[in-house]
Amino acid sequence: MSGFQSPRGLRDIREPDASAFAWAEEHAWSAALAAGYARIQLPVAEDSALFERAIGGTSDVVTKELYRLAVRSEESTPLALRPEVTAGVVRAYLQHGMRSEPQPVRLVTVAELFRHDRPQKGRYRQFTQFDIEAIGDAGSGIDIEVIELGTAYLRSVGLRDIEVHLNSVGCPTCRPGYLVVLAKHFAAVADRLSPVDQARLEENPLRLLDSKDEVAVAHAKGAPRFVEHLCADCAEHDRAVREGLSIAGVTVVDAPHLVRGLDYYTKTAWEYLLPGEQGQQGALGGGGRYDGLVELLGGPATPGVGFAIGIDRVVLALQERGLTPAPQRPPAVVVCGIEPGSVGMRIAIASELRASGVSARADVSTRKIGKQLESAVRDTAIAVIIVEPDGSLSLRDLAAGSQAEPGARAMVVSAAAQLARTQGGQ
Ligand code: AMP
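If you're wondering where the values come from, they're calculated on a predicted model, not measured in any experiment.

(A) Representation of the pairing of strand E8 (residues 266-273) in the model. Here E8 lies mainly inside the structure; eight of its eight residues are buried. Here five bridges tie E8 to strand E9 (residues 285-289), and the two strands are oriented antiparallel to one another. Bridge pairing links Tyr 272 to Gly 285 in E9.

Below is the structure:
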């Protein structure tokens, strides 16, 4: 055995988990495609400056968690592995002139992300997000559409009791006023706050609502609510989103102190949580409106809204509830042969079966036929085709334990396919 191990926080995903991941991802793509979102695939690395600008140079994600790649030559731009999707989507929106397309531009991707975080259950250094972005529409209707889409996805994989924890984080008009009252509230305990939280009190008091430190958590309970300090525009937007979600059948929990981890959010902010789960650690996903981001990245003022749902956490939640799908079943038909020289023909027959939609594999060994049959049984195959020395084929029904007289290829192949189909083993 080699001494190599996968790096800390980076995992191999094997069966049965691999099937659960694939299933959760396929559901994500199809939920979004059915709602008119177009696929986009982005590079795993971007200019580091894109993330610094979008997420904020002083955020934890940039200062502590960004995987920066070594610069290869003086000319090349410093690159970083993507820690989130939205910045890359907005970069692509601007680069490809998507502003000239009908707005909003609706995009979906399923992407691997990298954050140099402390690994623990549900928190890995490489993880996968189902990401939805709708860029170019400032109305509350698109917020409702996006929030409902994430809810419907989580329900469709089996998490039927999913809740949307909703807040508004205002806009540049009303946020400064709220920050003043929030800072005043926390100033009362300033000398008891941790050094990190004292710095937050100075630089960005909103982050105090996110703190894990005991003093800040306790004092956050009585903190003023942003919804009571919204400007008229943000208040009306918030009212319309809540009303629309209620009509759309989405369960909303009021979350007056919910702030998202990144600074570019405006107005609507939400998280998807299962009942009893708390805050960001337990969230399956989250989203928000980011009306200032396109401009921040050098484009014209353009609104946007989106969510990211963590596939790793969805799979964990399904496993905890015993809801994971059955792993991929082994091939329904195994094609064996008496003579070693028949391997090519066995492979051709297995391929023909697969082309007709039936899962099949050839036994490519030169073992005795008895051993080949044993391994087909162990693999829970439904039927075995045996290539006889004269080139004719025999069909064995493993469930019934019966074997038919050898026959011509076309007839036996189609009988094997029929057997596999009737026993549900395609
Ligand atoms: P964020 O981009 O931080 O708002 O996270 C959105 C969702 O991505 C979270 O609710 C999690 O489901 C997932 N997520 C974020 N960070 C991690 C991580 N380190 N490991 C696994 N999933 C994560």
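(B) Focus on the packing of helix H2 (residues 48-55) against helix H4 (residues 86-95). Two elements in contact, H2 and H4, have axes separated by 10 Å at closest approach and are oriented at 110 degrees. Judged by the inter-axis angle, H2 sits roughly perpendicular to H4. Mapping the contact onto sequence places Leu 50, Phe 51 and Ala 54 in H2 and Ala 87, Gly 88 and Arg 91 in H4. Taken together, the residues of the contact of H2 with H4 break down into four nonpolar, one polar and one charged.

(C) Summary view of the domain arrangement of the protein chain. Under the domain assignment, the protein chain is made up of domain 1 (17-174 + 230-320) and domain 2 (333-424). Placing a centre on the C-alpha atoms of domain 1 and another on those of domain 2 gives a separation of 49 Å.

(D) Spatial organisation of the sheet that holds strand E13 (residues 383-387). Across the sheet, five strands lie side by side as E12-E11-E13-E14-E15; this open sheet has mixed pairing. Two strands lie at the open edges of the sheet, namely strand E12 (360-362) and strand E15 (402-403), each paired on one side alone. On the sheet, helix H15 (residues 409-422) packs against strand E11 (333-337), E13 and strand E14 (393-397) and is oriented at approximately 15 degrees with respect to E14.

(E) Expanded view of the sheet that holds strand E7 (residues 252-254). Reading across from one edge, E1-E4-E5-E10-E9-E8-E6-E7 is the order of the eight strands in this open sheet, with mixed pairing throughout. The open sheet is flanked by strand E1 (38-39) and E7, the only strands paired with a single partner.

(F) How the structure looks around the site of the ligand. Near the ligand you find 13 residues, and of these Arg 115, Tyr 124, Gln 129, Arg 260 and Leu 284 are the closest. Contact between the ligand and Gly 310: an oxygen atom at 3.3 Å from a main-chain N or O atom of the residue. In the complex, the protein chains occlude 90% of the 480 Å² of accessible area that the ligand would expose alone. Looking at the shell around the ligand, its residues break down into five nonpolar, four polar and four charged.

(G) Structural detail: helix H12 (residues 311-320). A large share of H12 lies buried, amounting to eight of its ten residues. The complete set of buried residues in H12 reads Ile 311, Asp 312, Arg 313, Val 314, Val 315, Leu 316, Ala 317 and Leu 318. The first or second residue beyond H12 is Gly 322, which carries a positive phi of 65 degrees.

Cut-offs and rules
In every chain, residue numbers begin from 1 and rise along the written sequence. This being a predicted model, a pLDDT of at least 70 is required before a residue's local features are given, and a value of 80 or more before pairs of side-chain atoms are given or counted; all residues contribute to the totals for chains, interfaces and linings. No hydrogens and no water enter the side-chain calculation; it runs on all heavy atoms of the structure. The buried label applies to any residue whose accessible area, calculated with a 1.4 Å probe on protein chains only, is under 20% of its type's maximum; exposed applies above 50%, and partly exposed to all values in between. Working definition: helices are DSSP H or I runs of at least four residues, strands are E runs of at least two. Numbering for both runs from the N terminus. Only when DSSP finds a minimum of two bridges between them are two strands counted as paired. Between N-to-C directions, angles cover 0 to 180 degrees, with each direction set by a line fitted to C-alpha atoms, over the stretch in contact for helices. Angular relationships are summarised with four words: roughly parallel below 35 degrees, roughly antiparallel beyond 145, roughly perpendicular across 65 to 115, and oblique for the angles in between. Contacts between residues were defined by any pair of non-hydrogen atoms, one from each residue, lying within 4.5 Å. Classes in brief: Ala, Val, Leu, Ile, Met, Phe, Trp, Tyr, Cys and Pro nonpolar; Asp, Glu, Lys and Arg charged; the others, Gly included, polar. Segment limits for the domains were obtained from an automatic or database-derived domain assignment. For this description, a residue counts as near a given molecule or strand if any of its non-hydrogen atoms is within 4 Å of it. The term polar contact refers here to a pair of N or O atoms within 3.5 Å; inside protein, the definition further demands a hydrogen-donor-capable atom paired with an acceptor-capable atom, and it admits residues adjacent in sequence only when both atoms are side-chain atoms. The protein chains shown are the only cover counted for residues, whose accessible areas, like all others here, come from Shrake-Rupley with a 1.4 Å probe.

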